[in-house]
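Here's the letter readout for the chains.
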Amino acid sequence: MMVEGLGGRGWPLGEIGLPNSQMIMLMNADFNTTEDVKDMKPSELSQATGLSLKASVEVLRLAANKQQPNPVDMLQMFQEGSEFPQIVTFCRALDTLLGGGLPLQAVTELSGTPGVGKTQLCIQACVSVQLPQSVGGVGGEAVYVDTRGSFTVKRLKDMASYAVRHVQTISGEDEDVSEFSVESVLRGTHYFRCQNCIEMLAVIKSLPKLIEAHPKIQLLVIDSISFHFRNDFPDVRERAKLTRIVTKELIQPAVKRKMAVIVTNHMTTHVKGKGSAKLSPALGNAWGHCPTVRLNFLWSGETRVATLTKAPQCLNSSAYFHVSVGGLRDVCDDQTSTSRNGNNVPAAKKRKFADTKKGP
């Protein structure tokens, strides 16, 4: 019979015909179902469990034969995907760049130098994910994993205050938005301060149990993903191994539970040939395949610029934004004046966030 594992559904490994000695080694390494070994390479399973490479190949073969996933109907997948709301940023230019906002069922990476706005967007997302469904929001809750101590309750409260007043302004008479308040936003943001990489991994691992207690959670923020990796694991090989584990743990809730996952990443100097160098997101190519969407933030004079470098549903391009007391906003230009009167707001998703430029 199928069982519910931490990362999703799967068959118990004890039912695929493995010797008891191999099962003990798998269970000691916390591998219990076919879902736990899905997409692993034989060398990775061998290193994680102590099984021989030959035994690992056989375990993965038997697990794959037992799993036998059913094909996905593309029409149904398209229709379901088109109905997912997105998490607005309160910056029309940035939302347009992202095809409507921060996507669910995806891992979004925000990279850039310190002070350019990565944490500000993370906090904004914690507010925006809780916008009521009646005005086109997600109506969810957020988990914020803070590895650097950069989160402040005051910033969350400032952004929530603006969002609450905005929702009250745009909601119709027949729409009850009384439950959306500053207090509800603070209550719906579940905060973890992680002092090292082990604490961060423990929070990620415990996410399924946290969701059971708070089923409205639809956003996971990790600010930042690279801070403890770089400090706690200077060895590149050890860091790459841990990155693969974290990658799996982040993709599973995004896909299985239709959540948005947002992570911030530092920039590092990448030395090229002939003495040239450039800034690139940290953690290298091993991590680079994990995010579904990659946004790089930088300064252009006194203006912040978000450049989309990876996204399956959008063309790579850039958007300008600034950070106000109330959160992310459009840069003052002729284009934002059309945003005020609500032109081009996607009616199908009941987007009512046309007036996102004004501060609180």
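As a reminder, the structure under discussion sits directly above these lines.
Here the residue numbering is sequential within each chain, running from 1 through the sequence in written order. Thresholds applied to this predicted model are a pLDDT of at least 70 for local features of residues and 80 or more for the giving and counting of side-chain atom pairs; totals over whole chains, interfaces and linings are not thresholded and use all residues. Side-chain descriptors were evaluated using all non-hydrogen atoms of the structure, hydrogens and water having been removed beforehand.

**Q** Even after reading the chapter, I still don't get the overall build of the protein chain, so can you show me in this structure?
**A** Within the protein chain, the secondary structure is distributed over 14 helices and 13 strands. The buried share among the 360 residues of the protein chain stands at 50%. Between two residues, a contact is recorded if the distance between any of their heavy atoms is within 4.5 Å. Put simply, 66% of the contacts in the protein chain that link residues at least 6 apart link residues at least 24 apart. The Shrake-Rupley method, run with a 1.4 Å probe sphere, supplies the accessible areas, and residue values consider only the shown protein chains as cover. Accessible surface, the protein chain as shown: approximately 17,900 Å² in total, 54% of it carbon and sulfur. Runs of H or I in DSSP of at least four residues are treated as helices and runs of E of at least two as strands, each being numbered from the N terminus. Note on classification: 1.4 Å probe, protein chains only; a residue is buried when its accessible area is under 20% of the maximum for its type, exposed when over 50%, partly exposed between these limits.

**Q** Can you help me understand unusual backbone geometry in this one?
**A** Excluding glycine, most residues fall at negative phi; most peptide bonds, likewise, are trans. With an omega of 5 degrees, the peptide bond running from Asp223 to Ser224 counts as cis. Checked against the element boundaries, Ser224 lands in the loop between β6 (217-223) and α11 (227-232). Despite not being glycine, Phe90 has its phi angle at roughly 70 degrees, a positive value. Along the polypeptide, Phe90 turns up in the loop between α4 (74-83) and α5 (92-97). Even without being glycine, Gln105 reaches a positive phi, approximately 60 degrees. Position of Gln105 among the secondary structure elements: in the loop between α5 and β3 (106-112).

**Q** How do you make sense of the state of the cysteines when you look at a structure like this?
**A** Each disulfide is one covalent bond, formed between the sulfur atoms of two cysteines. Only a pair of cysteine sulfur atoms within 2.5 Å counts as a disulfide in this structure description. Tallied over the full model, the rule gives zero disulfides. Left unpaired, Cys197 is separated from the closest cysteine sulfur, that of Cys194, by 9.5 Å. For Cys197, a relative accessible area of 1% corresponds to the buried category.

**Q** Hey, could you run me through the nonpolar core in this one?
**A** One broad rule of soluble globular proteins: the nonpolar side chains tend to lie buried together. Counting residues in each nonpolar core, the largest one holds 49 residues, and the members touching the most others are Ile87, Leu94, Leu219, Ile262, Leu295, Phe297 and Leu308. Residue contributions to this core peak at seven residues, all from helix α7 (residues 153-170). Beyond its immediate chain neighbours, meaning those up to four positions away, Leu308 contacts Leu97, Leu98, Val293, Arg294, Leu295, Cys314, Leu315, Asn316 and Ser317. Only buried residues count toward a nonpolar core. Its members are Ala, Val, Leu, Ile, Met, Phe, Trp, Tyr and Cys residues joined through side-chain atoms within 4.5 Å. Counting 28 residues, the second-largest nonpolar core is a separate cluster that includes Met200, Leu201, Leu207 and Leu220.

**Q** Can you help me understand the environment of Asn316 in this one?
**A** Structurally, Asn316 is set in the loop between β11 (303-310) and β12 (318-324). Sequence separation between Asn316 and Arg294 is 22 residues, and the spatial gap between their C-alpha atoms is 9.8 Å. Each residue touching Asn316, except ones within four places of it in the same chain, is listed here: Leu308, Thr309, Lys310 and Ala311. Within 3.5 Å is the distance limit for a polar contact, defined as a pair of N or O atoms, with the added protein rule that one can donate a hydrogen and the other accept it, and that residues adjacent in sequence qualify only through two side-chain atoms. Within the structure, the side chain of Asn316 is placed 3.2 Å from the backbone oxygen of Thr309, a separation counted as a polar contact.

**Q** Would you take a moment to explain the pattern of salt bridges for this structure?
**A** Any two side chains of opposite charge can pair if their charged atoms end up close together. Should a side-chain nitrogen of Lys or Arg be within 4 Å of a carboxyl oxygen of Asp or Glu, the pair is scored as a salt bridge. In the structure shown here, the tally under the stated rule is eight salt bridges. In this structure, Glu35 and Lys256 form a salt bridge, with 3.7 Å as the shortest nitrogen-oxygen distance. Note that Glu35 is positioned in the loop between α1 (20-28) and α2 (42-49) and Lys256 in helix α12 (residues 236-256), a separation of 221 residues in sequence. Looking at Glu35, the relative accessible area reads 5%, which means it is buried. In this structure, the salt-bridge partner of Asp158 is Arg155, at a minimum N-O distance of 3.8 Å. On the criterion of helical spacing, the pair formed by Asp158 and Arg155 is a turn pair, its members being three residues apart in helix α7.

**Q** Hey, could you run me through helix α9 (residues 197-205) in this one?
**A** An α-helix turns once every 3.6 residues. As a result, residues three or four positions apart point the same way. Listed as buried for α9 are Cys197, Met200, Leu201, Val203 and Ile204. The arc enclosing the buried residues of α9, seen along the axis, measures out at 160 degrees, which places them on a common side. The N-terminus of α9 is capped by Asn196, whose side-chain oxygen sits 3.1 Å from the backbone nitrogen of Ile198. Of all possible arcs, the one meant is that of the directions from the helix axis to the C-beta atoms.

**Q** Please explain the side chain of Lys118 as it appears in this structure.
**A** Relative to the helices and strands, Lys118 resides in helix α6 (residues 118-128). Positive: Lys, Arg. Negative: Asp, Glu. His and the chain ends are not part of the count. It is Asp223 that comes nearest to the buried, bridge-free Lys118 among opposite-charge side chains, at 6.7 Å. Of note is the side chain of Lys118, whose polar atom sits 3.0 Å from the backbone oxygen of Gly112. There is a polar contact of 3.1 Å between the side chain of Lys118 and the backbone oxygen of Thr113. In this structure, Lys118 is in contact with Leu110, Ser111, Gly112, Thr113, Thr264, Asn265 and Phe297, ignoring residues within four places of it in sequence.

**Q** Would you take a moment to explain the pairing of strand β10 (residues 293-300) for this structure?
**A** Every regular strand shows the same layout, with side chains that alternate between the two sheet faces. Paired strands are those between which DSSP finds at least two bridges. Pairing of β3 with β10 involves five bridges; the strand directions are parallel. Along β10, the bridge assignment pairs Leu110 with Leu295. Strand direction decides the pairing type here: β10 and β11, joined by seven bridges, are antiparallel. Following the sheet pairing, Asn296 is matched in β11 by Thr307. As consecutive antiparallel partners, β10 and β11 are separated by two residues, and within that stretch Gly301 has a phi angle of approximately 70 degrees, a positive value.

**Q** Looking at this model, I keep getting lost on the sheet that holds strand β4 (residues 141-146). Mind explaining?
**A** Pairing between the strands of a sheet is mediated by backbone hydrogen bonds and can be parallel or antiparallel. The nine strands are arranged β5-β4-β6-β7-β3-β10-β11-β12-β13 in an open sheet whose pairing can be described as mixed. Looking at which strands have only one partner, the edges of the open sheet turn out to be β5 (189-193) and β13 (327-330). Averaged over all adjacent pairs, the angle separating strand axes in this sheet is 25 degrees, with direction ignored. Structural elements are reduced to axes, namely lines fitted to C-alpha atoms, with helices fitted over the stretch in contact, and the angle between N-to-C directions of any two is expressed from 0 to 180 degrees.

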